[in-house]
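An overview of the molecular structure
Residues per chain, in single letters:
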Amino acid sequence: ATWRLRWEDRLSPGLHEADIVVLGSPKPEEIPLTWIQPGTTVLNCSHDFLSGKVGCGSPRIHFGGLIEEDDVILLAAALRIQNMVSSGRRWLREQQHRRWRLHCLKLQPLSPVPSDIEISRGQTPKAVDVLAKEIGLLADEIEIYGKSKAKVRLSVLERLKDQADGKYVLVAGITPTPLGEGKSTVTIGLVQALTAHLNVNSFACLRQPSQGPTFGVKGGAAGGGYAQVIPMEEFNLHLTGDIHAITAANNLLAAAIDTRILHENTQTDKALYNRLVPLVNGVREFSEIQLARLKKLGINKTDPSTLTEEEVSKFARLDIDPSTITWQRVLDTNDRFLRKITIGQGNAEKGHYRQAQFDIAVASEIMAVLALTDSLADMKTRLGRMVVASDKSGQPVTADDLGVTGALTVLMKDAIKPNLMQTLEGTPVFVHAGPFANIAHGNSSVLADKIALKLVGEEGFVVTEAGFGADIGMEKFFNIKCRASGLVPNVVVLVATVRALKMHGGGPSVSAHTKFHYVKTELNGCCNLQKQIQITQLFGVPVVVALNVFKTDTRAEIDLVCELAKRAGAFDAVPCYHWSVGGKGSVDLARAVREAASKRSRFQFLYDVQVPIVDKIRTIAQAVYGAKDIELSPEAQAKIDRYTQQGFGNLPICMAKTHLSLSHQPDKKGVPRDFILPISDVRASIGAGFIYPLVGTMSTMPGLPTRPCFYDIDLDTETEQVKGLF
């Protein structure tokens with residue numbers, strides 16, 4: 001009551017003196033008429049009045065004609081229009097490209113450079129939700145995993161669909177040593193230079209590493225030195241479980257194949273049909289995927305009781321020919337003893353055994369589907385059309401035919417979302433999909449690239465990496481990934497090292513324990529670099545050579561490599577020092593890439609997909625690898641004939657070939673000539689969308705060396721810190 005008296009004492013005198021009174025109260029009837037002088041104009045702008053509600057009573061009753069009702073309505077309309085215009089302008093500003101307000105993390109490089117894991121642990125990453133906000137992601141567009149990882153929902157593509165794409169840069173390399181030449185390191189160093197040092201929006205898009213090499217010979221793939229993705233142990237171990245989801249989905253399909261063969265071989269048509277379409281509460285109903293199979297078979301019925309005996313048999317039996325099964329089980333471990341196995345030897349399998357094999361998980365077609373899809377619906381379609389075998393009449397059998405497509409999609413529904421992480425300098429990285437380049441197409445996902453291209457804006461850069469040498473990963477990036485995505489690259493960054501060029505020039509093989517004692521500066525192995533530049537030029541894209549400098553390299557060697565690269569047609573050639581100092585050491589590379597990206601790209605594919613399969617294989621062998629010709633085994637020729645007859649002849653080619661040489665022989669370094677490329681087998685990845693020839697004795701399951709990396713990997717049980725990763 002005391003408060004109300006004070007309020008009245010203050011308000012009443014002011015109203016007596018006012019010429020115009022604007023009512024904003026939700027209860028205007030509580031204001032006495034005696035407070036307002038006759039002739040005063042009263043405008044009722046209370047929420048109820050402006051929204052058309054008059055629940056608080058009629059203003060005319062209380063204020064006796066003082067209110068200018070028509071004027072209030074006009075004012076309300078004007079305010080609403082003004083609010084709409086302001087809201088529209090704000091929305092447009094949010095959609096337009098702008099430089100990120102990114103808080104970059106500072107580096108304090110040490111000399112000598114500590115181990116990768118020590119450097120990673122020495123930097124505290126930003127909270128991933130903070131990073132997401134800095135690069136323009138909304139709170140409901142991320143799903144956070146711990147403190148430093150998040151999945152990004154595909155809805156962001158719809159929100160930013162009218163945003164112009166940034167520049168698209170591919171990092172490839174020369175033919176590598178077994179240890180790799182630092183493409184991931186260059187990729188990370190380049191984006192750190194662009195964003196942390198040149199204030200340009202940039203995104204790195206990397207593949208998720210397989211645990212096979214992590215525990216085998218090569219180690220992790222988070223970059224190295226002061227150009228890393230952090231935390232590196234989370235990057236290299238499990239991440240958010242995408243590869244495990246692929247393994248589960250792949251092996252579910254493998255189990256479905258052998259189980260279906262067993263049940264068809266041990267049951268009558270009627271018994272098989274009754275189990276496939278069981279009675280539930282006295283009623284039989286087809287599932288959605290079974291109705292799709294009926295439609296494919298030309299049976300236009302939806303009532304299970306109306307099928308004829310012939311239709312029942314046609315529906316229930318896939319008649320898979322076991323000798324044509326191409327779908328293998330997978331495991332994300334290098335295990336040479338799973339390259340050839342016998343399955344079905346238990347008593348319950350009733351003598352239905354066969355020879356089979358395991359592939360490494362990243363070689364699964366489901367990994368390729370994940371990397372090439374552009375939506376959840378597209379992924380489901382691709383999973384459904386994966387061909388696993390042929391039936392006894394020679395027709396393809398698919399995951400849809402086995403009825404497992406929906407289950408595969410459920411297992412993959414989270415894996416389709418790209419994983420957001422950051423570099424040592426706090427710049428954004430997408431880590432998504434991880435196919436090898438020697439036994440698959442070797443590139444990160446189309447979805448990660450597309451989202452990143454929208455987020456960086458028209459003046460920004462997306463830097464993605466292709467596995468192994470340009471002859472393998474880059475060729476597949478152009479001929480497979482770019483066909484699937486419709487994206488056109490602006491620049492190729494070709495990574496070279498003096499170490500690898502010396503090997504190609506006749507130096508010793510490289511291993512983790514190789515010591516180099518060279519006194520010559522002549523680098524005969526530059527022929528491999530020149531050849532890879534020529535391969536890049538086949539596609540019409542400007543190439544910048546990035547020489548990843550090691551501390552053992554001399555100035556004369558660095559200058560010679562850069563000079564020879566420019567003579568071979570590179571737009572520029574730049575030494576890079578990101579490993580030892582971070583992004584600052586790749587600023588010259590970043591400037592060269594920006595300049596090259598301003599030039600017109602004359603991108604073109606290497607071949608027309610409509611030409612016969614054999615001709616496409618021959619084009620790659622001759623134009624890219626430098627082969628004299630190809631030689632098909634009888635099995636390879638039979639597979640090509642079968643796939644052509646089945647209607648798959650118009651797909652691009654994904655060669656499975658050693659990454660250690662331009663030829664099929666790993667010990668042939670430099671630029672081999674006049675060799676015949678042997679094609680031992682051909683497989684079809686119809687869901688992913690390519691034909692998959694195997695060159696020579698290429699294995700899809702790596703083995704462990706005598707001394708694998710796992711000897712050095714351990715866990716501190718008190719601090720729970722991982723030791724020995726590199």
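Here the structure is a predicted model, which is why all the values come from computation and not from measurement.

**Considerations on the packing of aromatic side chains**
Overall, the coordinates contain eleven aromatic pairs when judged by the stated rule. Taking 6.2 Å as the distance between ring centres and 85 degrees as the angle between the ring planes, the aromatic pair formed by Trp-100 and Phe-203 counts as edge-to-face. Residue Trp-100 is located in the loop between α4 (69-95) and α5 (116-121), and its partner Phe-203 is located in strand β6 (residues 202-206); the two are separated by 103 residues in the primary sequence. As far as burial versus exposure is concerned, Trp-100 and Phe-203 are alike and both buried. Joined through ring pairs, the aromatic side chains of Tyr-168, Phe-477, Phe-478, Phe-539, Phe-603 and Phe-605 make up one cluster. A cation sits over an aromatic face here: Arg-483 above Phe-605, 4.1 Å from the ring centre.

**Let's talk about the packing of helix α11 (residues 242-266) against helix α15 (residues 365-372)**
Orientation of α11 relative to α15, taken along the N-to-C sense of each, is 130 degrees, at an axis distance of 9 Å. As summarised for this structure, α11 and α15 are arranged oblique, according to the angle between their axes. In this structure, α11 meets α15 at a crossing whose hand is right-handed. Along the contact surface, α11 presents Ile-243, Ile-246, Ala-249 and Asn-250, while α15 presents Ile-366, Met-367 and Leu-370. Residue composition of the contact of α11 with α15, by class: six nonpolar, one polar and no charged.

**A short note on helix α22 (residues 526-537)**
Under the 1.5 Å per step criterion, the end-to-end length of α22 is 17 Å for twelve residues, consistent within 8% with the ideal 16 Å. Every buried residue belonging to α22 is among Cys-526, Asn-528, Leu-529, Lys-531, Gln-532, Ile-533, Ile-535 and Thr-536, and all of these are buried.

**Here's the deal with the sheet that holds strand β23 (residues 629-632)**
Strands sit in the order β23-β24-β25 across an open sheet of three strands; the sheet is mixed. Since the sheet does not close on itself, it has two edges, and those belong to β23 and β25 (690-695), each with one partner. Recorded for the sheet is a direction-independent mean angle of 50 degrees between the axes of neighbouring strands. As defined by bridge partners, strand β24 (residues 676-685) adjoins β25 across six bridges and the pair is classed as antiparallel. Bridging across to β25, Asp-681 finds its partner in Leu-694. The sheet contacts of helix α27 (residues 634-645) involve β23, β24 and β25, and relative to β24 the element is tilted by about 40 degrees.

Here is what the cut-offs are and how they apply
- Residues numbered from 1 in each chain as written.
- Predicted model: local features only at pLDDT ≥ 70, side-chain atom pairs only at ≥ 80, totals over all residues.
- Heavy atoms only, no water.
- Phe/Tyr/Trp six-rings, centres within 6.5 Å; stacked < 30°, edge-to-face > 60°.
- Helix = DSSP H or I, 4+ residues; strand = E, 2+ residues; numbered from the N terminus.
- Buried < 20%, exposed > 50% of the residue type's maximum accessible area, 1.4 Å probe, protein only.
- Lys NZ or Arg CZ within 6 Å of the ring centre and 35° of its normal.
- Axes fitted to C-alpha atoms, helices over the stretch in contact; angles between N-to-C directions.
- Parallel < 35°, antiparallel > 145°, perpendicular 65-115°, else oblique.
- Left-handed = near helix turned anticlockwise from the far one by under 90°.
- Contact = heavy atoms within 4.5 Å.
- Nonpolar A, V, L, I, M, F, W, Y, C, P; charged D, E, K, R; others polar.
- Expected span 1.5 Å × (residues − 1).
- Pairing = 2+ DSSP bridges.

The values are spatial; any link to function lies outside them.
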